[in-house]
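# Overview (structure and organization)
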Amino acid sequence: MTELSSEWRPELDARRRRFREILEGAGCDAGLVFGCDGHAQHFRYLTNFVPVLGDSWLLAGSDWRCFLTFQWQIVEAIGRSGIARWDAAINPVPLVVEAVKDERAKRIGVAGLERMPVPAWRALVEALPGTELVDVGAEVARLRRRKSPLEVSRLREAGKLTDAMLDAARSGARPGVTESLLAGRLSAIPLESGGALAFATTVVSGTDDPIPIRMPTARRLASGDSVMIDLGAEVDGYQGDATRAFVLGKASPAQRKAWDVVRAAYEAAVGLARPGVPCRELHRVSSEIIESAGYRVAHRIGHGIGLATSYEWPSLDTEESPLEPGVTICIEPGVYAPGAGNMKLEDDFVITEDGCEILTRSDQTLELNI
């Protein structure tokens, strides 16, 4: 059985204490955290565990209790969380409802309310007449913005594994290899090292049909191709997210022009990645460089990384709050143009007291000798 390590116990104790403080500040007698497939980051933050499948519920009342859809992982969950009481059912909602009723709470703070299915929410409301459900999701999300030293250490490890995947992509991308075969080989690297995949590995090749992202296909790489590799490794739930693009052989003028624009947009954003700079400013300066070169901005210039990638705060295109020490982000400008193919450069960073630390360091060279 996985045991709760000495480094995780104080980390989880501190997180749960802050969650209790949020509940107390909102005048709540108890707390409820809901998570579903792909959106259980609050649950994992407070338990150090997420199931491979199904819903997850955490009840913070007189004691800590958890509920899952499947019982398969309960032994693992107890060890990773240090929480002794776990139950499971294909439909765990009745178990949750009965446990919440036992608390006799008049005001319950809920995190994950925006993802809770309507039938589950209705079951709680109907079973708890006179009890108010209060959305505290934003406050819990705010706890996760600035990463602790333990979280940063896990993101560094995820970054190293992500680099290993990118290095293997550079050595394994050769004419005749299919996108899907290359993606499969890269995906094995974090698994063999005890990690996991943050998301499905993306390989997009060619120059004439650029698209920001798609699943790998049976297309065979060819000389002159642009090859974009977008991937990430995960360690203890903390997810890397990085991209490299390279050309198999000598770059054409169209490929070189697009790459130079991406590099300039990347360097401009990295130069602003420091405390006090509004998040949107990174997107603005990068977008201006891309647009002034005659290309379309196909997506935001970056987002947060942590227990999620694309869903993690902040979204650099819309968030006006300033960057702070401990915030972790990726910067990912891209140009997708016929003749050039996919050109994107993405790395992970943690904001420090006076700048930023890069977490992914794989080779950024454009041309690949074949």
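Structure: see above.
Glancing now at the overall build of the protein chain. From N to C terminus, the protein chain includes 10 helices and 19 strands. Over its C-alpha trace the protein chain gives a radius of gyration of 22 Å, about what one expects of a compact globule, namely 21 Å for 370 residues. Its C-alpha atoms put the protein chain at 70 × 40 × 40 Å along the principal axes. Every one of the 370 residues in the protein chain was classed for burial, and the buried ones make up 55%. Relative to all contacts within the protein chain whose residues are 6 or more apart in sequence, the contacts with residues 24 or more apart total 67%. Summed over all atoms, the accessible surface of the protein chain reaches about 15,500 Å², with 51% contributed by carbon and sulfur.

Another point: the pattern of salt bridges. Using the criterion set out here, one finds 26 salt bridges in the structure. Ionic contacts of the salt-bridge type, sharing partners, join the residues Glu7, Arg80, Arg154, Glu157 and Asp236 into one network.

Moving on to the sheet that holds strand E5 (residues 107–111). Reading across from one edge, E4-E3-E2-E1-E5-E6 is the order of the six strands in this open sheet, with mixed pairing throughout. Since the sheet does not close on itself, it has two edges, and those belong to strand E4 (85–88) and strand E6 (132–135), each with one partner. Sheet twist, expressed as the mean angle between neighbouring strand axes with direction ignored, is 20°. Here five bridges tie strand E2 (residues 56–60) to strand E3 (residues 64–68), and the two strands are oriented antiparallel to one another. Paired with Ala60 across the bridge in E3 is Trp64. Against the sheet, helix H4 (residues 93–103) contacts strand E1 (30–35), E2, E3, E4 and E5, and its axis sits at roughly 5° relative to E2. Across the face of the sheet, helix H5 (residues 118–127) comes into contact with E1, E2 and E6 while running at roughly 135° to E6.

A contiguous nonpolar surface patch, about 350 Å² in accessible area, is contributed by Val52, Leu53 and Trp72. Take Val52: it is sitting in the loop between helix H2 (41–47) and E2. For Val52, a relative accessible area of 63% gives the class exposed.

Considered for burial, the residues of helix H3 (residues 74–81) that qualify are Ile74, Ala77, Gly79, Arg80 and Ser81. Following H3 by one or two positions, Gly82 adopts a phi angle in the positive range, close to 75°.

The next subject is the environment of Thr360. Within the secondary structure, Thr360 sits in the loop between strand E18 (356–358) and strand E19 (367–368). Here the alpha-carbon distance between Thr360 and Arg145, two residues 215 residues apart in the chain, equals 20 Å. Those residues in contact with Thr360, other than ones at most four positions away along the chain, are Gly159, Thr162, Asp163, Ala242, Arg244, Asp347 and Asp348. Among the polar contacts made by the side chain of Thr360, one reaches the side chain of Asp347 at a distance of 2.7 Å. Among the polar contacts listed, one links the side chain of Thr360 to the backbone nitrogen of Asp348, at a separation of 2.9 Å.

An order of E8-E9-E12-E19 is seen for the four strands of this open sheet, with the pairing classed as mixed. Since the sheet does not close on itself, it has two edges, and those belong to strand E8 (202–205) and E19, each with one partner.

For the rest of this paragraph, the subject is the packing of helix H7 (residues 149–172) against helix H8 (residues 179–192). Helix-helix packing is described using two parameters, namely the angle between the two axes and the distance between the axes. Where H7 meets H8, the closest approach of the two axes is 9 Å, and the angle between their N-to-C directions is 150°. Put simply, H7 runs roughly antiparallel to H8. The hand of the H7/H8 crossing is right-handed. Here H7 contributes Leu161, Ala164, Met165, Ala168, Ala169 and Gly172 to the contact with H8, which in turn contributes Leu182, Leu186, Ser187, Ile189 and Pro190. Within the contact of H7 with H8, the residues separate by chemical class into nine nonpolar, two polar and no charged.

Moving on, we get to the state of the cysteines. Scanning all chains against the criterion turns up zero disulfides. In this structure Cys66 is a free cysteine whose sulfur lies 16 Å from that of Cys36, the closest cysteine sulfur available. Between Cys330, a free cysteine, and Cys279, which holds the nearest cysteine sulfur, the sulfur-to-sulfur gap is 12 Å.

Quick look at the packing of helix H1 (residues 8–25) against H7 now. In the contact formed by H1 and H7, the axes pass within 10 Å of each other and the chain directions differ by 120°. Comparing their axes, H7 and H1 come out oblique. Across from Trp8, Glu11 and Arg15 in H1, the residues of H7 making contact are Leu150, Glu151 and Arg154. Across the contact of H1 with H7, the residue classes break down as two nonpolar, no polar and four charged.

Right, let's talk about the nonpolar core for a bit. In globular proteins that are soluble, nonpolar side chains generally tend to be buried together. Counting 36 residues, the largest nonpolar core has Phe19, Val33, Phe43, Leu58, Trp86 and Val136 as its most contacted members. Contributions of two or more residues to this core are made by H1, H2, E2, E3, H3, helix H6 (137–143) and H7. No other element matches H1, which puts five residues into this core. Residues in contact with Val136, not counting those within four places in the same chain, are Phe19, Ile22, Leu23, Ala26, Gly109, Val110 and Ala111. Residues Ala269, Leu323, Ala337 and Leu345 belong to the second largest nonpolar core, which totals 34 residues.

Basis of the calculations
- Residues numbered from 1 in each chain as written.
- Predicted model: local features only at pLDDT ≥ 70, side-chain atom pairs only at ≥ 80, totals over all residues.
- Heavy atoms only, no water.
- Helix = DSSP H or I, 4+ residues; strand = E, 2+ residues; numbered from the N terminus.
- Rg over C-alpha atoms; globule rule 2.2 N^0.38 Å.
- Buried < 20%, exposed > 50% of the residue type's maximum accessible area, 1.4 Å probe, protein only.
- Contact = heavy atoms within 4.5 Å.
- Areas by Shrake-Rupley, 256 points an atom, 1.4 Å probe, with all protein chains shown as cover.
- Salt bridge = Lys/Arg side-chain N within 4 Å of Asp/Glu carboxyl O.
- Pairing = 2+ DSSP bridges.
- Axes fitted to C-alpha atoms, helices over the stretch in contact; angles between N-to-C directions.
- Patch = residues over 30% accessible without salt bridge, like charges linked within 9 Å, V, L, I, M, F, W, Y side chains within 5 Å.
- Polar contact = N/O pair within 3.5 Å; in protein donor to acceptor, adjacent residues only side chain to side chain.
- Parallel < 35°, antiparallel > 145°, perpendicular 65-115°, else oblique.
- Left-handed = near helix turned anticlockwise from the far one by under 90°.
- Nonpolar A, V, L, I, M, F, W, Y, C, P; charged D, E, K, R; others polar.
- Disulfide = S-S within 2.5 Å.
- Core = buried A, V, L, I, M, F, W, Y, C linked by side-chain atoms within 4.5 Å.

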